[in-house]
Amino acid sequence: MAAHGKLRRERGLQAEYEAQVKEIRWQLGEQLRCLELQGELRRELLQELAEFARRRAEVELEYSRGLDKLAERLASRGGRLGGSGREPQSFRKEPWLLSPLHCWAVLLQHTRQQSRDSAALGELLGGPLAQRLSHIAEDVGRIVKKSKDLGQQLQDDLLEVVSELQTARKTYQAYRAESASAEAKLREAERQEEKRAGRSAPAVAATITSPASAAEAGPQRKSSVKKGGRLVEKRQAKFLEHRLKCTKARNEYLLSLASVNAAVSNYYLHDVLDLMDCCDTGFHLALGQVLRSFAAAESRSQASHMQGLGSLEEALEALDPPGDKAKVLEVHAAAFCPPLRFDYQPHEGDKVAEIQVELELRDEIVPRAQNIQSRLDRQTIETEEVNKTLKATLQALLELVASDDGDVPDSFQASPSTESLKSTGSDSGGRQAGRKRGQQQETETFYITKLQEYLSGRSILAKLQAKHEKLQEAIGRGDKEQQETSWTQYSQRKLQKSRQPRPSSQYNQRLFGGDMEKFIQSSGQPVPLVVESCIRFINLNGLQHEGIFRVSGAQPRITEIRDAFERGEDPLVEGCTPHDLDSVAGVLKLYFRSLEPPLFPEDLVVELLASAETEAVAERVQPVGHLLARLPGPVLVVLRYLFAFLNHLAQYSDENMMDPYNLAVCFGPTLLPVPSGQDPVALQGRVNQLVQTLILQPAQVFPAPAVLPGPVYEKCMAPPTAGCLGDAHLDSLTGDTEPELEGATSAQEDDPEGVVEAVACFGYTGRTAQELSFQRGDVLRLHTRASSDWWRGEHGGIRGLIPHKYLTLPEGLEPGTPPETMGPSGHRRRCLVPTSPERHVEVDKAVTQNMESVFKELLGKATMRPATTTSPGPHSPKSPGSGGSVLGRNKGFARGPLGPTSPSTSNLQGPDSAPKPH
């Protein structure tokens, strides 16, 4: 019953969401219809005015009778201005609602009062005024069409954002369900473990009474308890991983929710009003100029009609674009009223309704908030500049509209007769008018372009501001929670999550510059390691990185990472930082660019480019999908994985400035080399269109996982954890390393003569539970040599591993000391080892001077910027004196010698670098 109730609630929430989206779609359609209706209204009005001018000129000689007939005929046809809709009829019945219609009504009333007019007035009406009205009608139609196209684009963007919200909600629901399932499995394992522990208690009592049976039952009980413990640990790791994924998905859902609400509010409160202003651009002013010209000419010809002209002038003065806009909004309130805000819909009983900044996500969210703040600052400046340009362009456009008819009343006043009016229309005046119209159209196009940029920038600002506010609130809450959380626990959690290095593999096929299909078959990797690891690294660190895949990385770093992948290693598991994002992206592009043969054969490329000529993206999907189906299955799996990732990356274009087209420009030449014998420049546009289609529609172009089994890209990835390594790795971690350390140390407990005391030259913070932490000057007891870089020893009664290069040893301590203990001059290191207050050892002078200079430099840096060098932090300590370590046996990369070193995460240690233990 509970499951049925949950299903009904989910269906109710889904139905509510669909109803809300349906309402928005209806409103958007109504808005376009209303804008088009207003444009038709204006064009019909202008056509009526033009017809009025021509007919007025024809019937001027018939005086009052002709004018009365004209007025009656036009009054009876006034219904054309309102159309057949119920709402537009209110404008016709109440003409004072809109100022242009009011002007038209006053003009008709004035026409009924007028009975005679001069021949000059007829020529004026039939000539310049009629032509000007036709021009205004053309201008209005053009502006309305462009405004409608712009409004359609804004609505498509808004619906796309709403669709992305639905996708984010579904993603969150999926991860929430997985988290709940993992939690249930964990609880079940814990209950089984408790039952097993309960059954073992009576067995212990029986062991006391029967020693003979204890010897037989002991190993079996230990094995059962050990298996149960492993099961609980494994499910605990799975639960933590799914919970982290659920948190990330929830955060993305909440961010998308805030972004959608901001975009919807911005559209309804600002964009729609600006579109209406755009539709009205110059219309009221041009119409006023035409009618004022007519009024001025008629006032000069007939002074007896001053009363009628006065009323017409009042109507012209009442032309009010803001008032008309307010009236349209009032009449069409159902279409232009902002909809309700989208509410957060928790899934599966999730009680968290806000963005969480857990310790694992802090390193991702804090830089993201900083990047959004930087993007906000730049976007604000750009939008303000565009707004200034927009206002200046609008002013220039209105000046051009207002200056078109300035010479008509002057010419009429100077030459009132018909003959003189005909003589004034010279060729030079026509050319000047043509130049003015051309300049006006250019200014109008530029104005529409700037308006589009301004509206787009303001929408981006609204979405970024909403995300930034949400992230700042979450970070503020996280700072308070962070004070109550132990950084030591966080360090231990990070160490538990650190992934064991992937062993070096020997492939039969080349990775870079080889055949990907053969490599997949020989290596058994459905998605090559370089593709999977690079995408995971960018997913975890670089979805919001500005210019990802567009900004080139450091070539030495790219080469270093490529060589490691070629050796079968995974250098991105550890050792790489977010500073390497551009280099990692460069490695991913380099891999696909260097494949031989390319992923797409030349004949297939030609057919794909031919299918890309279709203008509509939706029409290109089906033929492109049929063509891609000819590729081998393993190649399709990799392409599906790649383009699902690129589609996810493009969803962050507000922050990383990489929309689908920009990504297509970066990946087009990489994936689709132009066939030989064809012009790359001429085909580049179609290549970009094709790749953009694959990025926008990966689910429709590539086969579904049910049809083509294989790895599927996950939007919310978690860092690789030890719980995901499997039982083999768990056995190696718990059964090999720790017993080896315990056996070695226990062997030294009973041999005090083999213990040597050494002095720590530099402070060191252990990065795992096996490594010891100590400070400069501490006395350490060394038992035996674990490797060329590590000792087994103890400090403060705690046994563990000690790095060799952080110590100074007595001279002649170990005859077989490897070359790493030799100084730069070839002499063995000698140091004073204070095993007692009276015992000293002579130190080599050259080494002493060198070490003193290092100490002074380190102490000077410590006094300039205080840092907690001995307390464990959230980051593993770096090697002393350098920005990173070289590639060690752990198969991981660190920053090279030129990489930056963070003072807050590095310890004041020596100039050498000890590799990590294994």
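Placed above this text is the structure.
Note that this is a predicted model, so its numbers are computed, not measured.

### Overview of the sheet that holds strand β1 (residues 756-760)
What the 5 strands build is an open sheet, ordered β4-β3-β2-β1-β5; its pairing is antiparallel. Among the strands making up the open sheet, the edge pair consists of β4 (798-803) and β5 (807-808). As defined by bridge partners, strand β3 (residues 790-795) adjoins β4 across 6 bridges and the pair is classed as antiparallel. Residue pairing in the sheet places Arg 792 in a bridge with Leu 801 of β4.

### Thoughts on helix α7 (residues 283-301)
Between its first and last C-alpha, α7 extends 27 Å over 19 residues, near the 27 Å set by a 1.5 Å rise per residue. Within α7, 14 of the 19 residues are buried, which leaves it mostly tucked inside the rest of the structure.

### Some points on the packing of aromatic side chains
Taken as a whole, this structure holds 15 aromatic pairs when the rule is applied. Here Phe 549 and Phe 645 contribute two aromatic rings whose centre-to-centre distance is 6.3 Å and whose plane-to-plane angle is 70°, an arrangement assigned as edge-to-face. Residue Phe 549 is located in the loop between α17 (529-541) and α18 (555-566), and its partner Phe 645 is located in helix α22 (residues 633-650); the two are separated by 96 residues in the primary sequence. Classification of Phe 549 by relative accessible area gives buried; the value is 1%. With a relative accessible area of 0%, Phe 645 lands in the buried category. Relative to Phe 592, the ring of Tyr 591 has its centre 5.3 Å away and its plane inclined at 70°; by these criteria the two rings are edge-to-face. Here Tyr 591 and Phe 592 have matching classes, each one buried. Three or more aromatic residues joined by ring pairs form one cluster here, namely Phe 549, Tyr 641, Phe 645, Phe 667 and Tyr 713. A cation sits over an aromatic face here: Arg 42 above Phe 283, 5.5 Å from the ring centre.

### Section: the packing of helix α16 (residues 516-523) against α22
Where α16 meets α22, the axes come as close as 9 Å, and the angle between the chain directions of the two elements is 100°. When the axis of α16 is compared with that of α22, the two are roughly perpendicular. In this structure, α16 uses Met 516, Glu 517 and Ile 520 to contact α22, whose residues at the interface are Pro 634, Val 635 and Val 638. When the residues that make up the contact of α16 with α22 are grouped by side-chain class, the tally is 5 nonpolar, no polar and 1 charged.

### Considering the pairing of β3
Across the 6 residues of β3, 5 count as buried, placing the element largely inside the fold. Examined bridge by bridge, strand β2 (residues 779-785) and β3 share 4 bridges and lie antiparallel to one another. In the sheet register, Arg 781 faces β3, and the bridge partner there is Glu 794. Between β2 and β3, which pair antiparallel and follow one another directly, the connecting turn spans 4 residues.

### Some thoughts on the pattern of salt bridges
Side chains that differ in charge, positive against negative, can pair when their charged atoms come close. Per the counting criterion, the structure on display carries 38 salt bridges. Among the ionic pairs, Arg 55 bridges to Glu 51, the shortest N-O distance being 3.8 Å. Here Glu 51 and Arg 55 lie together in helix α1 (residues 2-58), a separation of 4 residues that amounts to about one turn. Take Arg 55: its relative accessible area is 32%, and that puts it in the partly exposed class. Residue Glu 51 is classed as buried on the basis of its relative accessible area of 15%. Here Asp 139 makes a salt bridge to Arg 437, at a shortest N to O gap of 3.5 Å. Here Arg 437 lies in helix α14 (residues 427-483) and Asp 139 lies in helix α5 (residues 119-209), a separation of 298 residues in the sequence. Taken as a pair, Asp 139 and Arg 437 share a single burial class, namely buried. Ionic contacts of the salt-bridge type, sharing partners, join the residues Glu 138, Asp 139, Arg 142, Lys 146, Arg 437 and Glu 444 into one network.

The rules behind these values
- Residues numbered from 1 in each chain as written.
- Predicted model: local features only at pLDDT ≥ 70, side-chain atom pairs only at ≥ 80, totals over all residues.
- Heavy atoms only, no water.
- Pairing = 2+ DSSP bridges.
- Helix = DSSP H or I, 4+ residues; strand = E, 2+ residues; numbered from the N terminus.
- Expected span 1.5 Å × (residues − 1).
- Buried < 20%, exposed > 50% of the residue type's maximum accessible area, 1.4 Å probe, protein only.
- Phe/Tyr/Trp six-rings, centres within 6.5 Å; stacked < 30°, edge-to-face > 60°.
- Lys NZ or Arg CZ within 6 Å of the ring centre and 35° of its normal.
- Axes fitted to C-alpha atoms, helices over the stretch in contact; angles between N-to-C directions.
- Parallel < 35°, antiparallel > 145°, perpendicular 65-115°, else oblique.
- Contact = heavy atoms within 4.5 Å.
- Nonpolar A, V, L, I, M, F, W, Y, C, P; charged D, E, K, R; others polar.
- Salt bridge = Lys/Arg side-chain N within 4 Å of Asp/Glu carboxyl O.

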